[in-house]
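# Descriptive analysis of the structure
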Amino acid sequence: QGDDECPRDQLECIALMLPRRLSKEMRGICESAAIKEAMKTAFTACDEELRAECERRGWRGNSFVTSLLVDMRCSPPRAYTANVGPGRGFACVKEVGACGPGRAVPLCKAHTSADAKERSRFEAAGGKLQGAASVVCRALGLKSPGVIPTPDVSSFAISASQRFVVLGGAGMWRSLNGQKAVDTISAQLQVMDNRRTELEALFDDDTRLAMLNATKVHALTKERNEKACEAGTLRMLIDENMKRSSHSYSVMLIRLLQPTDKAALSYLRVDAIKARVEEAAEMARSSRASSIQADNAPEACVQSDADQNSVQREASQSCVQSDAQQACMQKDAKKSVELVDYF
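Residues numbered from 1 in each chain as written. Predicted model: local features only at pLDDT ≥ 70, side-chain atom pairs only at ≥ 80, totals over all residues. Heavy atoms only, no water.

### Comments concerning the side chain of Ser186
- Position of Ser186 among the secondary structure elements: in helix H5 (residues 178-204).
- Sequence-distant contacts of Ser186, defined by excluding residues within four places in its chain, comprise Cys92, Pro101 and Phe164. (Helix = DSSP H or I, 4+ residues; strand = E, 2+ residues; numbered from the N terminus. Contact = heavy atoms within 4.5 Å.)

Take a look at the structure:
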């Protein structure tokens, strides 16, 4: 995210630079403390590279980053948050079997002069406050007294109690606090999950689907792709928040606990279909061999060939369905990590 003077090209440049730097600095590192230091080093290196690019292209805006990194190499997996600028992040924590939407746990703080500790560091480093207005004390690409690119990095072990993480820019939190965001997203995710389950059951039922006209199928497909998904939940939160605030901001929703393991279920469906196809082909071969042995008449051979062609057509159709479901599985498996919308 960036301020009003930050062009989108500058943000896209960071989106390319920072992951590359993180990958380089974290190579061969597994300890939590070392990972945190590597993330700080990566941000500093990205800042130096970005400053050179800003000078070359004439960019003058401030860039801010609120990020989440998940280390899947350890057990349990561990999440790291790194923040530079006025953005904030919250985790929804809800113990298994507990009632209610969950508790909003802050993951990172806003780096502005409104924070006493940050203001003290900023002024000690030569930064100047501008009256009573809050000043951003950390940013990428900005060379100014007191402004540093070093992020605050924190981490937590991922368990069943952490349901999701929401990260947002300063514009989001001007009219929405962390607990309100968690309450709203929790309620919308529950409704969305139920509706998505209903739609998936409908699209898996050929008989019910065949009773609907093309217009209805098109409408349900659009609902499944645009509303009955995490991105749709995020859009509803943004639309509701925009009624109270006109500030632009970035927001990210990361689900740490999925309602079902769709990838595993899809793999099982694909394997079952492949098994049925192989069984049908084997039955066709056996049927043809028996027919030839019992009767060498041309009619029998013709009938056997017709049966085999019919089975091959059914097997081909099942293979197409298998490929389609496998593609759907791959899409579902990727969907749960990060959903980002820029506004």
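Once you've had a look at it, read on.
### Some points on the packing of helix H1 (residues 8-25) against helix H2 (residues 32-57)
- Running from amino to carboxyl end, H1 crosses H2 at an angle of 145 degrees, the nearest separation of the two axes being 9 Å. Every pair of crossing elements has a handedness; the one defined by H1 and H2 is right-handed. Contacts between H1 and H2 involve Asp9, Gln10, Cys13, Ile14, Met17, Leu18, Arg20, Arg21, Leu22 and Glu25 on the former and, on the latter, Ala38, Met39, Thr41, Ala42, Phe43, Ala45, Cys46, Glu49, Leu50, Glu53, Cys54 and Arg57.
- Taken together, the residues of the contact of H1 with H2 break down into 13 nonpolar, two polar and seven charged. (Axes fitted to C-alpha atoms, helices over the stretch in contact; angles between N-to-C directions. Left-handed = near helix turned anticlockwise from the far one by under 90°. Nonpolar A, V, L, I, M, F, W, Y, C, P; charged D, E, K, R; others polar.)

### Comments concerning the packing of H5 against helix H8 (residues 230-242)
- With their axes 10 Å apart at the nearest point, H5 and H8 run at an angle of 140 degrees to one another. As summarised for this structure, H5 and H8 are arranged oblique, according to the angle between their axes. Handedness of the H5/H8 crossing: right-handed. Two secondary-structure elements touch here, H5 through Thr184, Ile185, Gln188, Leu189, Met192 and Arg196 and H8 through Glu230, Thr233, Met236 and Leu237. (Parallel < 35°, antiparallel > 145°, perpendicular 65-115°, else oblique.)

### Topic: the confidence of the model for the protein
- Scored by pLDDT, the protein comes out at a mean of 79, with 75% of its residues at no less than 70.
- Confidence, expressed as mean pLDDT per element, reaches its minimum in the protein at strand S8 (residues 339-342) with 33 and its maximum at strand S2 (residues 78-84) with 95.
- Confidence drops under pLDDT 50 across residues 297-304; counting only partners more than four residues distant or on other chains, this segment forms three contacts.
- For residues 317-343, every residue scores under 50 in pLDDT, and the model assigns this stretch 50 contacts once sequence neighbours within four places are set aside. (pLDDT = per-residue confidence, 0-100.)

### Description of the sheet that holds strand S1 (residues 65-71)
- Here three strands make up an open sheet; going across it, the order is S1-S2-S5 and the pairing antiparallel. Either end of the sheet is taken by a strand with one partner, and the two such strands are S1 and strand S5 (152-157). Mean inter-strand twist for the sheet, computed between neighbouring axes without regard to direction, equals 15 degrees.
- Sitting on the sheet, H2 touches S1, S2 and S5, and the angle it makes with S2 is about 30 degrees. (Pairing = 2+ DSSP bridges.)

### Observations regarding the packing of aromatic side chains
- Overall, the coordinates contain one aromatic pair when judged by the stated rule.
- Ring geometry for Phe90 against Trp173: centres 5.1 Å apart, planes inclined by 65 degrees, an arrangement best described as edge-to-face. Here the residue Phe90 occupies a position in strand S3 (residues 88-93), and Trp173 occupies one in helix H4 (residues 170-173), the gap between them amounting to 83 residues. Grouping residues by exposure puts Phe90 and Trp173 together as buried.
- The ring centre of Phe203 lies 4.2 Å from the NZ or CZ of Arg224, which sits over that ring. (Phe/Tyr/Trp six-rings, centres within 6.5 Å; stacked < 30°, edge-to-face > 60°. Buried < 20%, exposed > 50% of the residue type's maximum accessible area, 1.4 Å probe, protein only. Lys NZ or Arg CZ within 6 Å of the ring centre and 35° of its normal.)

### Let's talk about the environment of Pro77
- Mapped onto the elements of the fold, Pro77 is located in the loop between S1 and S2.
- What makes Pro77 partly exposed here is its relative accessible area of 23%.
- Once the C-alpha coordinates of Pro77 and Ala157 are considered, the two residues, 80 residues apart in sequence, prove to be 6.1 Å apart.
- Once residues within four sequence positions are removed from consideration, Pro77 is found in contact with Asp71, Met72, Phe156, Ala157 and Ile158.

### Quick notes on H2
- Here H2 spans 37 Å end to end across 26 residues, near enough to the 38 Å set by a 1.5 Å rise per residue.
- The inward-facing, buried residues of H2 contact H1, S1, S2 and S5.
- Directly after H2, the chain includes Gly58, whose backbone phi takes a positive value near 80 degrees. (Expected span 1.5 Å × (residues − 1).)

### Quick notes on the pattern of salt bridges
- By the definition in use, this model includes 18 salt bridges.
- A salt bridge links Arg20 to Glu49, with the nearest nitrogen and oxygen atoms 2.9 Å apart. With Arg20 in helix H1 and Glu49 in helix H2, this pair connects stretches of sequence that are 29 residues apart.
- With a relative accessible area of 46%, Arg20 lands in the partly exposed category. (Salt bridge = Lys/Arg side-chain N within 4 Å of Asp/Glu carboxyl O.)

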